[in-house]
Amino acid sequence: MHIPDGYLSPTVVIATYAVALPLWVYGFKKLKSSLNEETLPLIGVLSAMSFIIMMLNIPIPGGTSGHAVGAVLIAILFNPWIAYISISIVLLIQAIIFGDGGISTFATNSLTMGFVGAFVGYYVFEALKKYKFAPYLAGWSGIVASSLLVAILLGIEPIFWTKNGMPLYFPFGLKTTIPALVGAHMLFFGVVEAIFTGLIYNYVKNKNLEFIK
Amino acid sequence: MKKRVYIVLIVLTALIPLGLLTNAPAWGEWGKEYYKNSLGFIPKGIESTKELNSPIKDYTIASLGDISSYYLSAIIGIIMIFIIFYILTKVFNAKNS
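On a predicted model such as this, the values are computed, not experimentally measured, just so you know. (Residues numbered from 1 in each chain as written. Chains lettered and ligands numbered in written order. Predicted model: local features only at pLDDT ≥ 70, side-chain atom pairs only at ≥ 80, totals over all residues. Heavy atoms only, no water.)

## Concerning the overall build of chain A
Scanning chain A for helices and strands turns up 8 helices and 4 strands. Along chain A, helices (α) and strands (β) appear in the sequence α-α-β-β-α-α-α-α-α-β-β-α when read from the amino end. The globule rule puts the C-alpha radius of gyration for 213 residues at 17 Å, and the 17 Å found for chain A is close to it. If one aligns the C-alpha atoms of chain A with their principal axes, the spans along those axes are about 60 × 35 × 30 Å. Put simply, chain A has 213 residues, and 64% of those count as buried. Put simply, of all contacts in chain A between residues at least 6 apart along the chain, 74% involve residues at least 24 apart. When the accessible area of chain A is evaluated, it comes to approximately 8,000 Å², of which 69% is carbon and sulfur surface. (Helix = DSSP H or I, 4+ residues; strand = E, 2+ residues; numbered from the N terminus. Rg over C-alpha atoms; globule rule 2.2 N^0.38 Å. Buried < 20%, exposed > 50% of the residue type's maximum accessible area, 1.4 Å probe, protein only. Contact = heavy atoms within 4.5 Å. Areas by Shrake-Rupley, 256 points an atom, 1.4 Å probe, with all protein chains shown as cover.)

Structure representation (structure tokens):
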């Protein structure tokens, strides 16, 4: 889901930065009020887990691969705003140091994998908290929602931005991107995200965590 | 609680070579040649994009083998994440006090 540079039209790039920026500002305020010497190791380690889980590529039928993201785990163990900022920091490191993702698409990727994944997962979890399967379904829903937004942002490129009938940026439309991306996340990577989120949530959860919310 | 998350992180990091089992790219994250081969052309915006000069492009360190590169990339990433959060903690708390 890491959209590389050059795949999105300048309009989408600017629009996603315009949306992401105020959310970063608000998220940083949230982070500022909860980041201290006591919470630092936990926020750091959860972000590091997200970085690592994104390196664990899983091959799927059709000759492609993908991975879980880990945003929902941070959102339900901690807070979705912190998850958005943490995933953004991970994505920035991936883009600059490892050439994974892009700079022009940094805002887009932060919104899709970070913001949307974290908040959808968080609200699914909050709604179903009393059920044992809540963290699993939250993980699945979060990453599937992320993949839907990625599919839409990529799929609208050839509708709006063409020259002489030739696509200027990402060339495949919604009819291709939605089944390919959302389908793969529903069937495969969403399941991995569900297991990752559910198992680790159950392994580390602790009632004393309320203080960090 | 904290001890447990460290254990999880260490286990996941130890599993990192599993990420190398596939060479398949992620859907929609192809290189320029993919478009040349599948469409017969490369969309202009994609063609004219210069790749960023990342120091550890694709988690590969030229002088090392695949697995050691991947392990080292993982460790560098983890350290950078902790440094960023450490600096943020210091900055935020300096302002707060």
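## Some details on the interface of chain B and chain A
The interface is formed by 58 residues belonging to chain B together with 62 residues belonging to chain A. In total, chain B and chain A occlude about 5,500 Å² of area from one another, counting both sides; carbon and sulfur atoms represent 74% of this. Between Glu37(A) and Lys90(B) there is a salt bridge, and its shortest N-O distance comes to 3.5 Å. At the boundary of chain B with chain A, the tally comes to 17 residue pairs in polar contact (both at pLDDT 80 or more). When contributions to the side of chain B that touches chain A are tallied by element, the ones reaching two or more residues are helix 1 (2-14), helix 2 (32-39), helix 3 (44-47) and helix 4 (66-96) of chain B. (Buried area = accessible area lost by both parts, 1.4 Å probe. Salt bridge = Lys/Arg side-chain N within 4 Å of Asp/Glu carboxyl O. Polar contact = N/O pair within 3.5 Å; in protein donor to acceptor, adjacent residues only side chain to side chain.)

## Some remarks on the side chain of Ser34(A)
All names here are of chain A. With respect to the helices and strands, the residue Ser-34 is situated in helix 1 (residues 10-34). Take Ser-34: its relative accessible area is 13%, and that puts it in the buried class. At 3.0 Å, the side chain of Ser-34 forms a polar contact with the backbone oxygen of Lys-30.

## A closer look at the pattern of salt bridges
Residue and element names in this part refer to chain A. Enumeration over the complete set of coordinates arrives at 3 salt bridges over all chains. Two residues, Glu-126 and Lys-129, come together in a salt bridge whose shortest N-O distance is 3.3 Å. Look at Glu-126 and you get partly exposed, because its relative accessible area is 27%.

## Describing the side chain of Thr64(A)
In this structure, Thr64(A) sits in strand 2 (residues 64-66). Apart from the residues within four sequence positions on either side, Thr64(A) is in contact with Ile58(A), Pro59(A), Ala24(B), Pro25(B), Ala26(B) and Trp27(B).

## Here we look at the environment of Gly102(A)
Structurally, Gly102(A) can be placed in the loop between helix 4 (80-98) and helix 5 (106-128). Expressed as a C-alpha distance, the spacing of Gly102(A) and His2(A), which sit 100 residues apart in the sequence, is 7.6 Å.

## Remarks on helix 1 of chain A
Relative to the 36 Å expected for 25 residues at 1.5 Å per residue, helix 1 of chain A spans 35 Å between its end C-alpha atoms, a close match to the ideal helical length. Of the positions making up helix 1 of chain A, those classed as buried are Val12(A), Val13(A), Thr16(A), Ala20(A), Leu23(A), Trp24(A), Gly27(A), Leu31(A) and Ser34(A). (Expected span 1.5 Å × (residues − 1).)

## Quick look at unusual backbone geometry
The backbone of Asp58(B) sits at a positive phi, close to 55°, despite the residue not being glycine. Of note, Tyr59(B) is a non-glycine position whose phi angle comes to about 60°, a positive value.

## Looking at the nonpolar core
The biggest cluster of nonpolar side chains holds 99 residues, and the ones touching the most others in it are Leu31(A), Met49(A), Tyr84(A) and Phe85(B). Excluding residues that lie within four positions of it along the chain, Leu31(A) makes contacts with Ile43(A), Ile82(A), Ile85(A), Phe85(B), Leu88(B) and Phe92(B). (Core = buried A, V, L, I, M, F, W, Y, C linked by side-chain atoms within 4.5 Å.)

## Re the packing of aromatic side chains
Residue and element names in this part refer to chain A. Under the defined criterion, the tally for this structure stands at 28 aromatic pairs over all chains. Plain terms: the ring middles of Tyr-7 and Phe-170 are 5.7 Å apart, the flat faces sit at 35° to each other, and that makes the pair tilted. Of this pair, Tyr-7 sits in the segment before helix 1 while Phe-170 sits in the loop between strand 4 (166-167) and helix 8 (174-204), and the two are 163 residues apart along the sequence. Side by side, Tyr-7 and Phe-170 carry an identical accessibility label, which is buried. Three or more aromatic residues joined by ring pairs make a cluster, and in this case those are Tyr-17, Trp-24, Tyr-26, Trp-81, Tyr-84, Phe-106, Phe-115, Phe-119, Tyr-122 and Tyr-123. (Phe/Tyr/Trp six-rings, centres within 6.5 Å; stacked < 30°, edge-to-face > 60°.)

## Examining the confidence of the model for chain B
Residues of chain B with pLDDT of at least 70 account for 96%, and the chain-wide mean is 90. Per-residue pLDDT, averaged within each element of chain B, yields its smallest value for helix 1 of chain B (88) and its largest for helix 3 of chain B (93). (pLDDT = per-residue confidence, 0-100.)

## With respect to a nonpolar patch on the surface
A surface patch of nonpolar side chains, about 540 Å² in accessible area, is lined by Tyr203(A), Ile7(B), Val11(B), Leu15(B), Leu18(B) and Leu21(B). Looking at where Leu21(B) falls in the secondary structure, it is placed in the loop between helix 1 and helix 2. (Patch = residues over 30% accessible without salt bridge, like charges linked within 9 Å, V, L, I, M, F, W, Y side chains within 5 Å.)

## Here we look at the packing of helix 2 (residues 40-55) of chain A against helix 1 of chain B
Orientation of helix 2 of chain A relative to helix 1 of chain B, taken along the N-to-C sense of each, is 20°, at an axis distance of 10 Å. With respect to helix 1 of chain B, the element helix 2 of chain A is oriented roughly parallel. You can see that helix 2 of chain A and helix 1 of chain B cross each other, and the crossing is left-handed. In this structure, helix 2 of chain A contributes Pro41(A), Leu42(A), Val45(A), Ala48(A), Met49(A), Ile52(A) and Ile53(A) to the contact, and helix 1 of chain B contributes Lys2(B), Val5(B), Tyr6(B), Val8(B), Leu9(B), Leu12(B) and Thr13(B). The residue inventory of the contact of helix 2 of chain A with helix 1 of chain B, partitioned by class, reads 12 nonpolar, 1 polar and 1 charged. (Axes fitted to C-alpha atoms, helices over the stretch in contact; angles between N-to-C directions. Parallel < 35°, antiparallel > 145°, perpendicular 65-115°, else oblique. Left-handed = near helix turned anticlockwise from the far one by under 90°. Nonpolar A, V, L, I, M, F, W, Y, C, P; charged D, E, K, R; others polar.)

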